[in-house]
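Structural features, examined
Take a look at the letters that make up each chain.
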There are 2 protein chains.
Amino acid sequence: MRSVYLDYSATTPVKNQVLAEMLPYFNEKFGNPSSLYGLAFTSKDGITLARARVAHLIGALDTEVYFTSGGTEADNWAVIGAARAKKEKGNHIITSKIEHHALLHSCEFLEKEGFEVTYLDVDEKGAVSVADLEKAIRKETILVSIMLANNEVGTIQPIKEIAAITKARGILLHSDAVQALGNVPIDVNELGVDMLSLSSHKIYGPKGIGALYIRKGVMISNILFGGGQESKKRAGTENLPGIIGFGKAAELAEQNLAEHIETLTTLRNYFIGQIKEKIDGVTLNGDPDKRLPGNANLTFDYVEGEAVLLYLDIKGISISTGSACSSASFSPSHVLTAMGIPIEKVYSSLRFTIGDFTTKEDLDYVVETLVEVIAKYRALSPFGKENQMKSAQSCACQGYECTGCDCVKKG
Amino acid sequence: MRSVYLDYSATTPVKNQVLAEMLPYFNEKFGNPSSLYGLAFTSKDGITLARARVAHLIGALDTEVYFTSGGTEADNWAVIGAARAKKEKGNHIITSKIEHHALLHSCEFLEKEGFEVTYLDVDEKGAVSVADLEKAIRKETILVSIMLANNEVGTIQPIKEIAAITKARGILLHSDAVQALGNVPIDVNELGVDMLSLSSHKIYGPKGIGALYIRKGVMISNILFGGGQESKKRAGTENLPGIIGFGKAAELAEQNLAEHIETLTTLRNYFIGQIKEKIDGVTLNGDPDKRLPGNANLTFDYVEGEAVLLYLDIKGISISTGSACSSASFSPSHVLTAMGIPIEKVYSSLRFTIGDFTTKEDLDYVVETLVEVIAKYRALSPFGKENQMKSAQSCACQGYECTGCDCVKKG
């Protein structure tokens, strides 16, 4: 059976060149970078190169990149660190309803500490309104945090326009670029952000490593305390092989960026086109143009997304209903809900994310399997077009072991 | 030239069996553990096994082990998380002056947030007095945090005795076991701790991964917010290969523990014996018996420790003056200072830490080189015995390029 991975937004495999560069740092060049001998200097040199590569990918200075344990820590640090550092100036933060939970839950934590947070609505394409954002600014506003591209629907936000506003008012601007990195060209100076969250495992680097870009001159408080690593801003022995891998992945992402975007966009459009041609009652969620190249978030009317996901898994296809982080929870996607999508359509939505190892043949296989499963499940659904009112009984065996819902046939 | 690594307390190389087990998780079994398909379940299974292995090494339940980005995050989480969770009950914390900076700086952060912290003195062997600790307890005391073994001098603290006191008073007890793990037998129930910080890269596992043991029923606040990973206690996509590696390292540590302790203790005693026999004016810092098996922290009178360190590096030997985290700073060791060691002896101290790849021949080479360098530097020192009052000029070229201070001869 063919095995097709279409969940690149959840995580990516580590590329061979990346792993090859990491390997010596596990047991040969393993010195603690904070030590004072040759072996340690080799580690330090490796980190210096990796930092330069990550910085270069986003047009930053090397000294503006601070490694973290991942995108979540970067988001937490940006928002909590900025809030603590600026609390004398004000207590108001603006963000959006479709941010990653790492951002939203950090904001909720800050609310308990006395900060006020405005959660901006988004339009039906998942975009933040620059006018709404401007209106939400108060004299107490110290921070705006809007993601560069959404993880579920791929919508790219107008960060540059937002930066023009925050800059004029002396408000810090943070953007979660975890999904955007390596998928759209990023230049921190062109964007005008003060902070940018990055993650390695979304760009074919290892898990457990990320970074926060902090513009030179911007002072935020630390959130992890200890040794003087990362210019005394992020304590803890450096995740050396992780950093090396992130650096190599960043270099590869920069080298391949134009080709990667073109290939993925072509494949994605082909995929969406094929699905729309072969299956009716399908809607593309998010912005058709201002979206991540690999993202296809689709609503299949009258079927339950998770049931389809589990069926596809049996067929060797890996996809998700929304973000990986909330896959295991039963709450509906906060992103699709914020976009005004009705609850039954939210539960009928699936996220397919294409990456560097995806082929046209993979997509053809997924389309073919989708045609099969959607027809099957619609036939069983009490709301399915072909089967409307015919049966009130829907598939009961939606668990992982389900081999195609013949429980209905048997019953 | 022989290459001898004697800084195992700073970090350890990843063992081959550990790396071998990690490798498939970079690009084959790379699924995001939070996703809902087979590839993700494989990742989740890997984490489950790793968690069980780490738990088993410390006698904990699997569900009491939460993975973090390392020992620093574990220390931060334990102290800040416990303080936040218990703040209604009281605002007083007791720790010691010789804790790791991850602990001390977390306490300093909490002091700014209104908590009061007692930093206990230690005796000349680096041990906390249980009587002093008991006296320091107030009705507002919510947390005691004392490390299991010190990272600089290796002194093992009387945690079991401390636990008897904290338990009777309903005070939480945390212990930083980063250095003790894999070097002394640990059973959380026998010790009686409520929380225990662990790190992978000190036990031949990868850097960038650690864990916090939290006893069942103990509630502490989160410090990183986002997805629902680690039973909703520690957000962020799991560092999958890191966790797998930590698990395997924990398994190996448990299998080898008795042999490891015996071998290291024998080697260390041989090393200390040889040095004391061949070099005069040498003192062992810390407790001669209640100490980590691999630790030899020694003061060499009349020489500057860092100069010796750099000389040894040229001879292929990697050691440290104190903890790796503060190697790059010029401030004297807070541990040796707290033990009442005079400042000039603090600056004359070196930490040699022996590990699983150390051989007797390695140690003979280090002793031989030490004999050479100590004699050389003492001869140059204005305070050196053989050279007392002979020269007021000391070596000026203490940098990395120094090839033996013939700048003095030339001058």
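What comes next is a walk through the structure. Throughout, residues of each chain are indexed from 1 in the direction in which the sequence is written. Each chain is given a letter, starting from A, and each ligand a number, starting from 1, according to the order in which they appear as written. Residue-level local features of this predicted model are given only where pLDDT is at least 70; pairs of side-chain atoms are given and counted only at 80 or more, and the full residue set underlies all totals for whole chains, interfaces and linings. Side-chain metrics in this entry use all non-hydrogen atoms of the structure; hydrogen atoms and water are not considered.

A word on the environment of B:Gly340. With respect to the element layout, B:Gly340 can be found in the loop between α12 (334–338) and α13 (343–346). The sequence separation of B:Gly340 and B:Lys97 amounts to 243 residues, and the corresponding C-alpha distance is 12 Å. Segments assigned H or I by DSSP are reported as helices when at least four residues long, segments assigned E as strands when at least two residues long, and all are numbered from the N terminus.

A few words on the interface of chain B and chain A. When the parts of a complex come together, some accessible area is lost, and that lost area is often used as the size of the interface. Throughout, a contact is declared for two residues whenever any of their heavy atoms are within 4.5 Å. Contacts between the two partners involve 64 residues from chain B and, on the opposite side, 64 residues from chain A. At the boundary of chain B with chain A, total buried surface from both sides reaches about 5000 Å², with 65% on carbon and sulfur atoms. Salt bridges, as used here, are contacts in which a Lys or Arg side-chain nitrogen is within 4 Å of a carboxyl oxygen on Asp or Glu. Counting across the chain B and chain A interface gives zero salt bridges. Throughout this description, a polar contact denotes any pair of N or O atoms lying within 3.5 Å of each other; where both atoms belong to protein, one of them has to be capable of donating a hydrogen while the other can accept it, and for residues adjacent in sequence the pair is counted only when both atoms sit in side chains. On the surface where chain B and chain A come into contact, there are 18 residue pairs in polar contact (both at pLDDT 80 or more). When contributions to the side of chain B that touches chain A are tallied by element, the ones reaching two or more residues are α1 (16–22), α2 (24–27), α3 (38–57), α4 (71–85), α5 (101–112) and α11 (305–314) of chain B. Note on residue categories: nonpolar means Ala, Val, Leu, Ile, Met, Phe, Trp, Tyr, Cys or Pro, charged means Asp, Glu, Lys or Arg, and polar means any other residue, Gly included. Along the lines of polarity and charge, the residues of the side of chain B that touches chain A split into 29 nonpolar, 26 polar and nine charged. A quick way to say it: buried area is the sum, across both parts, of accessible area lost when two parts are put together, with a 1.4 Å probe.

Attention now goes to the packing of α4(B) against α5(B). Residues and elements named next belong to chain B. Axis lines are fitted to C-alpha atoms, over the contacting stretch for helices. Their N-to-C directions set the angle, which ranges from 0 to 180 degrees. Orientation of α4 relative to α5, taken along the N-to-C sense of each, is 30 degrees, at an axis distance of 9 Å. With respect to their mutual orientation, α4 and α5 come out roughly parallel. Note that α4 runs across α5; the crossing there is right-handed. Between α4 and α5, the contacting residues are Thr72, Asp75, Asn76, Val79, Ile80, Ala83 and Arg84 on the first element and Ala102, Leu103, Ser106, Cys107, Phe109 and Leu110 on the second. We call two directions roughly parallel when the angle between them is under 35 degrees, roughly antiparallel when it is over 145, roughly perpendicular when it lies between 65 and 115, and oblique otherwise. Note: crossing handedness is left-handed where the near helix turns anticlockwise from the far helix by less than a right angle, and right-handed where it turns clockwise.

This part takes up the relation of the copies chain B and chain A. Overlaying chain B with chain A gives an RMSD of 0.0 Å, the required rotation being 180 degrees about an axis along which the chain moves by 0.0 Å. Here the copies are linked by what is in effect a two-fold axis. Of the C-alpha atoms belonging to chain B, the one lying closest to the rotation axis is found on B:Ser69, 3.0 Å away. An overlap of 100% is found between the interface residues of chain B and their copies at the interface of chain A, pointing to a shared contact surface. Each copy is superposed on the other by least squares, with the fit set by C-alpha atoms of residues at a pLDDT of at least 70 in both.

Before going further, it helps to examine the sheet that holds strand β5 (residues 141–145) of chain A. Residues and elements named next belong to chain A. Here seven strands make up an open sheet; going across it, the order is β2-β8-β7-β6-β5-β3-β4 and the pairing mixed. Whereas interior strands pair on both sides, the edge strands pair on one side only; in this sheet they are β2 (65–68) and β4 (116–120). Adjacent strand axes in the sheet meet at a mean angle of 20 degrees, parallel and antiparallel pairs treated alike. Note: two strands are recorded as paired if DSSP finds a minimum of 2 bridges between them. As defined by bridge partners, β2 adjoins strand β8 (residues 210–214) across four bridges and the pair is classed as antiparallel. Residue pairing for β8: phenylalanine 67 is matched across the bridge by alanine 211. Each of β3 (92–96), β4, β5 and β6 (172–176) is contacted by helix α5 (residues 101–112), which is oriented at about 150 degrees to β4, the strand it contacts most.

Turning our eyes to something else, we now look at the side chain of B:Lys207. Here B:Lys207 lies in the loop between β7 (195–199) and β8 (210–214). One buried charged residue, B:Lys207, forms no salt bridge at all, with the nearest opposite charge on A:Glu238 at 8.3 Å. One polar contact links B:Lys207 to B:Thr11, side chain to side chain, over a distance of 3.1 Å. Apart from residues no more than four positions distant in its own chain, B:Lys207 is found in contact with A:Phe30, A:Gly31, A:Thr237, A:Glu238, A:Asn239, A:Leu240, B:Thr11, B:Thr12 and B:His201. To sort residues, take the accessible area from a 1.4 Å probe on protein chains only and compare it with the maximum for the residue type: under 20% means buried, over 50% means exposed, and anything in between is partly exposed. The sign given to each residue is positive for Lys and Arg and negative for Asp and Glu; His and the chain ends receive no count.

A separate point is the pairing of β6(A). Where a strand is regular, its side chains alternate between the two sheet faces. All names here are of chain A. In terms of burial, β6 is a largely internal element, five of the five residues being buried. Both faces of β6 are covered, namely the face carrying Leu172, His174 and Asp176 and the face carrying Leu173 and Ser175. Bridge analysis of β5 against β6 gives three bridges, and the strand direction is parallel. When the bridges of β6 are listed, valine 144 appears paired with leucine 173. The crossover handedness rule: strands pointing away from the viewer, path from first strand over the helix to second strand clockwise, crossover right-handed. Following the chain from β5 across helix α7 (residues 159–169) to the adjacent parallel β6, one finds a crossover that is right-handed. Judged from the three bridges that link them, β6 and strand β7 (residues 195–199) form a sheet pairing that is parallel. Across the sheet, residue aspartate 176 finds its bridge partner in β7, namely serine 197.

What follows covers unusual backbone geometry. A negative phi angle is the norm for most residues apart from glycine, just as the trans form is the norm for most peptide bonds. Residues and elements named next belong to chain B. One non-glycine residue, tyrosine 204, lies in positive phi territory at about 70 degrees. Positioned with a positive phi, glutamate 230 is a non-glycine residue whose angle comes to about 50 degrees. Turning to its location among the elements, glutamate 230 is positioned in helix α9 (residues 229–232).

A few words now on helix α10 (residues 240–278) of chain A. Since the α-helix packs 3.6 residues into each turn, any two residues three or four apart lie on the same face. Residue and element names in this part refer to chain A. An ideal rise of 1.5 Å per residue puts 57 Å on 39 residues; α10 reaches only 48 Å between its terminal C-alpha atoms. Asparagine 256 marks where α10 bends most, by close to 65 degrees. In this structure asparagine 239 caps α10, since a side-chain oxygen of it lies 3.1 Å from the backbone nitrogen of glycine 242. Take the residue count of a helix, subtract one, and multiply by 1.5 Å to get its expected span. Bend is computed residue by residue as the angle between axes fitted to the seven residues ending at the residue and the seven residues starting at it.

What is shown is where atoms sit, not what they do.
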